[in-house]
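# Remarks on the overall topology
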Amino acid sequence: MRIAILGGDGYCGWATALYLSSKGHSVAIVDNFSRRLWDFELGVETLTPIRSLPERLAAWQQLTGRTMETYVGDVADYDFLAGMIASFEPEAVVHFAEQRSAPYSMIDRKHAVFTQVNNVSGTLNLLFAIRELAPECHIVKLGTMGEYGTPNIDIEEGYITIEHNGRRDTLPFPMQPGSFYHLSKVHDSHNIRFACKIWGIRATDLNQGVVYGTLTNEVQLDEALINRFDYDEVFGTVLNRFCAQAAIGSPLTVYGKGGQTRGFLDIRDTVRCIELVCLNPASRGEFRVFNQFTEQFSVMDLAQLIQMVGREMGLPVEIEHLPPPRVEAESHYYNAKHSKLTDLGLQPHLLSDSLVSSLIEVALRYRHRINPAFFTPQVNWRLTRNERSTALAVTPQ
Ligand code: NAD
Ligand code: USQ
């Protein structure tokens with residue numbers, strides 16, 4: 001298939017581009033490198049020393065003989081995006097190209113506005129470009145499990161059948177997102193659903209859980225292909241952070257009680273899910289929603305698992321409960337359905353003890369690059385910062 005990966009220089013996008021290329025698909029990477037810029041803005045860096053996109057692609061070509069097209073630009077710029085669609089003529093567009101950090105969106109007004117403008121306008125542009133230039137093309141959009149929040153009922157895959165005053169209907173599942181970032185994904189979902197209905201676009205919204213790990217078969221081929229491994233408070237996700245903390249004997253930073261429960265998946269399952277969804281597209285006018293995660297854990301479940309495995313590896317792992325920087329339920333009911341991707345053929349990599357030790361080993365390999373200052377949460381949901389005079393400036397506390 002001809003598959004365009006929007007956000008192909010990022011964490012999920014790079015792993016997916018390599019995987020799809022290795023499977024013989026024609027892949028185009030679209031990115032404006034804004035994520036590398038946000039790292040500079042925040043003064044943080046990935047644990048793993050990632051190379052520039054041209055270096056990555058040269059290494060991939062040298063190792064496998066495979067090439068990928070690249071389009072450097074902003075998907076929120078319609079002319080750029082439409083030019084890419086017209087030139088590459090994709091059968092599927094996988095849309096990862098958004099600002100994806102909840103804490104980043106909660107820094108202050110500018111970061112909240114930027115996140116929603118970047119994310120919502122990029123997705124809207126994609127919908128219009130597909131309608132105009134490639135109406136058969138399947139949009140595979142990365143949403144998030146955080147769109148649903150933590151309701152006191154089971155979470156369905158996108159839709160729920162409700163009886164009300166004697167009448168019955170199947171409706172979009174209620175959304176209760178927990179940050180301006182998560183809200184941007186809800187706005188995207190509504191826009192895509194509407195466009196599918198009025199223009200007959202085909203789309204799949206993948207409500208992905210928290211992704212962990214960095215190694216896929218392709219990334220492991222050569223150090224030049226290494227993927228990002230974020231562990232800072234803004235872009236680092238919880239399990240990756242705990243592995244980095246364990247590697248240098250820094251306490252695991254559990255926010256509050258640690259009863260926050262989320263869906264999780266291995267990055268190797270992310271890439272496989274994307275391929276399965278591309279190979280099994282939605283019909284014209286259909287807006288499918290799949291919950292893309294394989295297991296659910298509370299933050300404390302994960303902290304205790306890392307502590308146990310870390311101690312078996314001889315690491316002095318302690319758990320610390322920090323005052324919660326976010327406004328979120330710290331203990332709650334959580335049971336989210338996730339059968340549609342396994343029905344398509346996904347065979348999950350589950351979080352075994354040996355997998356946990358391999359995750360910690362990656363952090364140990366690069367431990368000389370770990371900056372413990374990145375572990376401390378500074379963005380607080382209750383106290384967004386005052387306006388700054390410069391755009392997107394972040395002053396360290
Ligand atoms: P990432 O920040 O590593 O990658 C996103 C990429 O998109 C970056 O390379 C960035 O430069 C690019 N990008 C952002 N805005 C752009 C724009 N306007 N134009 C062009 N390129 C742009 O993020 P990720 O972790 O790979 O996440 C990818 C997607 O998956 C996001 O939409 C995110 O919301 C979703 N997701 C991620 C996770 C996770 O745990 N990482 C979980 C659930 C959902
Ligand atoms: N948490 C801690 N300690 C930490 C870091 C996080 O206790 O050091 C807690 C958070 O408070 C939260 C949970 O762990 O309750 C998950 O936080 P996270 O930072 O790992 O993930 P989150 O902010 O939810 O965002 C990540 C991705 C985002 C994606 C989302 C999927 O950055 O792009 O949408 O996971 S989901 O959580 O299903 O919405």
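Residues numbered from 1 in each chain as written. Chains lettered and ligands numbered in written order. Predicted model: local features only at pLDDT ≥ 70, side-chain atom pairs only at ≥ 80, totals over all residues. Heavy atoms only, no water.

Right, let's get into the overall build of the chain. Helix and strand counts for the chain stand at 12 helices and 14 strands. Computed over the C-alpha atoms, the radius of gyration of the chain is 20 Å, within 12% of the 21 Å expected from 2.2 N^0.38 for a compact globule of 397 residues. Each of the three principal axes of the chain carries a C-alpha extent, and together these read 65 × 55 × 50 Å. Pairs at least 24 residues apart make up 81% of the contacts formed inside the chain by residues separated by at least 6 positions. Taking the average location of the 36 positive side-chain charges in the chain and that of its 45 negative ones, the two points are 2 Å from each other. (Helix = DSSP H or I, 4+ residues; strand = E, 2+ residues; numbered from the N terminus. Rg over C-alpha atoms; globule rule 2.2 N^0.38 Å. Contact = heavy atoms within 4.5 Å. Lys, Arg positive; Asp, Glu negative; His and termini not counted. Charge placed at Lys NZ, Arg CZ, Asp CG, Glu CD.)

Once that is clear, we can look at the site of ligand 2. Around ligand 2, the surrounding shell holds 22 residues, and the nearest of these are Thr144, Tyr181, Val238, Thr253 and Glu328. For ligand 2, an oxygen atom lies 3.4 Å from a polar atom in the side chain of Arg262. Calculation on ligand 2 without its partners gives an accessible area of 740 Å², and the protein chains cover 95% of this total. Mapped onto the shell around ligand 2, the elements with two or more residues apiece are α7 (180–199), α8 (238–247) and β10 (252–255). Here the shell around ligand 2 takes 3 residues from β10, the largest share from any one element. A breakdown of the residues in the shell around ligand 2 according to their chemical character gives 8 nonpolar, 9 polar and 5 charged. (Near = heavy atom within 4 Å. Polar contact = N/O pair within 3.5 Å; in protein donor to acceptor, adjacent residues only side chain to side chain. Areas by Shrake-Rupley, 256 points an atom, 1.4 Å probe, with all protein chains shown as cover. Nonpolar A, V, L, I, M, F, W, Y, C, P; charged D, E, K, R; others polar.)

Further remarks concern the packing of α8 against helix α10 (residues 299–312). In contact at an axis separation of 10 Å, α8 and α10 are set at 30 degrees when each is read in the N-to-C sense. Compared by their axis directions, α8 and α10 come out roughly parallel. With respect to the hand of their crossing, α8 and α10 are arranged in right-handed fashion. Each of Val238, Leu239, Phe242, Cys243 and Ala246 in α8 lies in contact with α10, whose residues at this interface are Val299, Leu302, Ala303 and Ile306. Here the residues of the contact of α8 with α10 are counted per class, giving 9 nonpolar, no polar and no charged. (Axes fitted to C-alpha atoms, helices over the stretch in contact; angles between N-to-C directions. Parallel < 35°, antiparallel > 145°, perpendicular 65-115°, else oblique. Left-handed = near helix turned anticlockwise from the far one by under 90°.)

Turning our eyes to something else, we now look at the sheet that holds strand β11 (residues 261–266). Read from one edge to the other, the open sheet built from 3 strands follows the order β9-β11-β13, with strand pairing classed as mixed. Both outer strands of the open sheet, β9 (210–212) and β13 (295–298), are each paired with one neighbouring strand and no more. The sheet shows a mean angle of 45 degrees between the axes of neighbouring strands, direction not considered. In terms of strand pairing, β9 meets β11 through 3 bridges, oriented parallel. Residue pairing in the sheet places Val211 in a bridge with Leu265 of β11. (Pairing = 2+ DSSP bridges.)

To continue, consider the confidence of the model for the chain. Scored by pLDDT, the chain has a mean of 96; 97% of the residues are at 70 or more. Predicted confidence for residues 388–397 stays below pLDDT 50, and this span has 24 contacts to residues more than four positions away or in other chains. (pLDDT = per-residue confidence, 0-100.)

So, about the environment of Ser101. With respect to the helices, strands and loops of the structure, Ser101 is situated in the loop between β4 (92–95) and α5 (102–105). For Ser101, a relative accessible area of 1% translates into the label buried. Separated by 132 residues in the primary sequence, Ser101 and Glu233 place their C-alpha atoms 9.7 Å from one another. In contact with Ser101, other than residues within four places in its own chain, are Tyr181, Val234 and Phe235. Within the local environment of Ser101, its side chain forms a polar contact with the backbone oxygen of Val234, the two atoms lying 2.6 Å apart. (Buried < 20%, exposed > 50% of the residue type's maximum accessible area, 1.4 Å probe, protein only.)

A few words now on the site of ligand 1. As a structural note, the neighbourhood of ligand 1 is formed by 29 residues, with Cys12, Asp31, Asn118, Tyr181 and Lys185 the closest of them. Tyr11 places a main-chain nitrogen or oxygen 2.9 Å from an oxygen atom of ligand 1. Within the side chain of Lys185, a nitrogen or oxygen atom sits 2.7 Å from an oxygen atom of ligand 1. Starting from 830 Å² of accessible surface for ligand 1 in isolation, the protein chains cover 98%. At the level of elements, α1 (11–22), α2 (34–42), β5 (138–144), α7 and β9 are the ones that each hand at least two residues to the shell around ligand 1. Here the shell around ligand 1 gets 3 residues from one element, more than from any other, and that element is α2. Residue composition of the shell around ligand 1, grouped by class: 11 nonpolar, 10 polar and 8 charged.

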